[in-house]
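Remarks on the overall topology
Here's the letter readout for the chains.
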Amino acid sequence: LLTAVLAEYCPGLKLNTTLPQKERKEQTILEPEQIGILLRAVEGTVMEIPVLLAVWMCMRSSEIAGQTWDCVDFERGTITIKKALGCGRDNQWVEKGTKTTSSTRTVRAPDYIMARLRAAKEEASDDHVTHLKGSCLRDRLHTITKHNGLPSIRFHDLRHTSASVMLLLNIPNKYAQARGGWATDHTMKEVYQHLMDSK
């Protein structure tokens, strides 16, 4: 915008501005053996289901927080992601739709995740799959990683880890994109999928 305005009102002005090279931020993801350590650390705790949904089902934390039991089909072994829980005005949690239209999706879950969900539903006191959300997920994950010698990661980095595992397993782009709910494969490949150092 600035360049266009200057060109219009000061056509004789020559600017030779060189922008600094864009720095690529190193993304922290978990390596395969570190994923195993994390899964063992959360087993049987309130963090187990949120971590499983993030690292294997490629769900965002807001989608996990908004997940209700009517979205889990135990007969078909699928989870439908169609709503999220986000912080609205006055710092109140508000149920909303998914981030994009492609984020609304149905994904098949492995039997062992469905078994964990079934056990959790038997003990559930309301419609939500988990009551953990936002900073609570972040803080608990930070404590778990710290106590287990794992890299310090954000909860959202589990989604990056999930995308990177799909890349490692040679899952075709179209299937990985549908599972993660990305609008384009460009976002998935450029932002979420990372090479694992151990490989």
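The structure this text deals with has already been given above.
Residues numbered from 1 in each chain as written. Predicted model: local features only at pLDDT ≥ 70, side-chain atom pairs only at ≥ 80, totals over all residues. Heavy atoms only, no water.

This next bit is on the overall build of the chain. Within the chain one finds 9 helices and 5 strands. Seen in sequence order, the chain has helices and strands lined up from the N terminus as α-α-α-α-β-β-β-β-β-α-α-α-α-α. Looking at the chain as a whole, 39% of its 199 residues are labelled buried. Across the chain, the mean location of the 27 positive side-chain charges is 4 Å away from that of the 23 negative side-chain charges. (Helix = DSSP H or I, 4+ residues; strand = E, 2+ residues; numbered from the N terminus. Buried < 20%, exposed > 50% of the residue type's maximum accessible area, 1.4 Å probe, protein only. Lys, Arg positive; Asp, Glu negative; His and termini not counted. Charge placed at Lys NZ, Arg CZ, Asp CG, Glu CD.)

Quick look at the nonpolar core now. Considering soluble globular proteins, one finds that nonpolar side chains tend to be buried as a cluster. With 36 residues, the main nonpolar core has Leu38, Met47, Val51, Leu117, Phe155 and Leu158 as its most contacted residues. Of all the secondary-structure elements, those providing two or more residues to this core are α2 (32-42), α3 (48-55), β2 (78-81), α5 (111-123), α6 (135-147) and α7 (157-168). Among the elements that line this core, the one with the most residues is α3, at 6 residues. Excluding residues within four positions of it along the chain, Met47 makes contact with Val42, Leu132, Leu137, Arg140, Leu141, Ile144 and Phe155. Counting 7 residues, the second largest nonpolar core, distinct from the first, contains Cys58, Met166, Met188 and Tyr192. (Core = buried A, V, L, I, M, F, W, Y, C linked by side-chain atoms within 4.5 Å. Contact = heavy atoms within 4.5 Å.)

A separate point is the pairing of strand β4 (residues 93-96). Summarising the sheet, strand β3 (residues 84-87) and β4 pair through 4 bridges and their orientation is antiparallel. Opposite Ala84, over in β4, you have Lys96 as the bridge partner. Linking β3 to β4, which pair antiparallel, is a turn of 5 residues; within it Asp90 sits at a positive phi near 60 degrees. (Pairing = 2+ DSSP bridges.)

Another point: the packing of aromatic side chains. Between two aromatic rings, the relevant description is the distance of the centres plus the angle of the planes. Across all of its chains, the model carries 2 aromatic pairs by this definition. Ring centres of Trp69 and Phe74 lie 6.4 Å apart, and the angle between their planes is 25 degrees; this geometry places the pair in the stacked category. By relative accessible area, which is 7% here, Trp69 ends up buried. Take Phe74: its relative accessible area is 21%, and that puts it in the partly exposed class. Over the face of the ring belonging to Tyr192 we find Arg159, whose NZ or CZ atom lies 5.1 Å from the ring centre. (Phe/Tyr/Trp six-rings, centres within 6.5 Å; stacked < 30°, edge-to-face > 60°. Lys NZ or Arg CZ within 6 Å of the ring centre and 35° of its normal.)

Attention now goes to the pattern of salt bridges. Tallying each qualifying case throughout the model produces 9 salt bridges. Across the pair Arg76 and Asp73 runs a salt bridge, and its minimum N-O distance is 3.3 Å. For Arg76, a relative accessible area of 61% corresponds to the exposed category. Put simply, Lys189 and Asp185 hold a salt bridge, and the shortest N to O gap is 3.3 Å. Of this pair, Lys189 and Asp185 both sit in helix α9 (residues 185-192), separated by 4 residues, roughly a single helical turn. (Salt bridge = Lys/Arg side-chain N within 4 Å of Asp/Glu carboxyl O.)

Its 12 residues place the ends of α7 16 Å apart at the C-alpha level, agreeing with the 16 Å of an ideal helix rising 1.5 Å per residue. In terms of burial, α7 is a largely internal element, 10 of the 12 residues being buried. Every buried residue belonging to α7 is among Asp157, Leu158, Arg159, His160, Thr161, Ser162, Ala163, Ser164, Val165 and Met166, and all of these are buried. Of the surrounding secondary structure, the elements contacted by the buried residues of α7 are α2, α3, β5 (105-108), α6, α8 (173-180) and α9. Within two residues after α7, Asn170 carries a phi angle of roughly 60 degrees, on the positive side. (Expected span 1.5 Å × (residues − 1).)

Let us now look at the side chain of His194. As for its placement among the helices and strands, His194 is situated in the segment after α9. A polar contact of 3.2 Å, which involves the side chain of His194, links it to the backbone oxygen of Val191. Here the side chain of His194 touches Tyr192 through a polar contact of 3.2 Å, landing on its backbone oxygen. In contact with His194, other than residues within four places in its own chain, are Gln27, Ile29, His160, Ser164 and Leu167. (Polar contact = N/O pair within 3.5 Å; in protein donor to acceptor, adjacent residues only side chain to side chain.)

By secondary structure assignment, the location of Arg138 is in helix α6. Taking relative accessible area as the criterion, Arg138 reaches 44% and is therefore assigned partly exposed. Spatially, the C-alpha atoms of Arg138 and Arg154 are 6.2 Å apart, while their sequence positions differ by 16 residues. Here Asp139 takes part through its side chain, which lies 3.1 Å from a polar atom of the side chain of Arg138.

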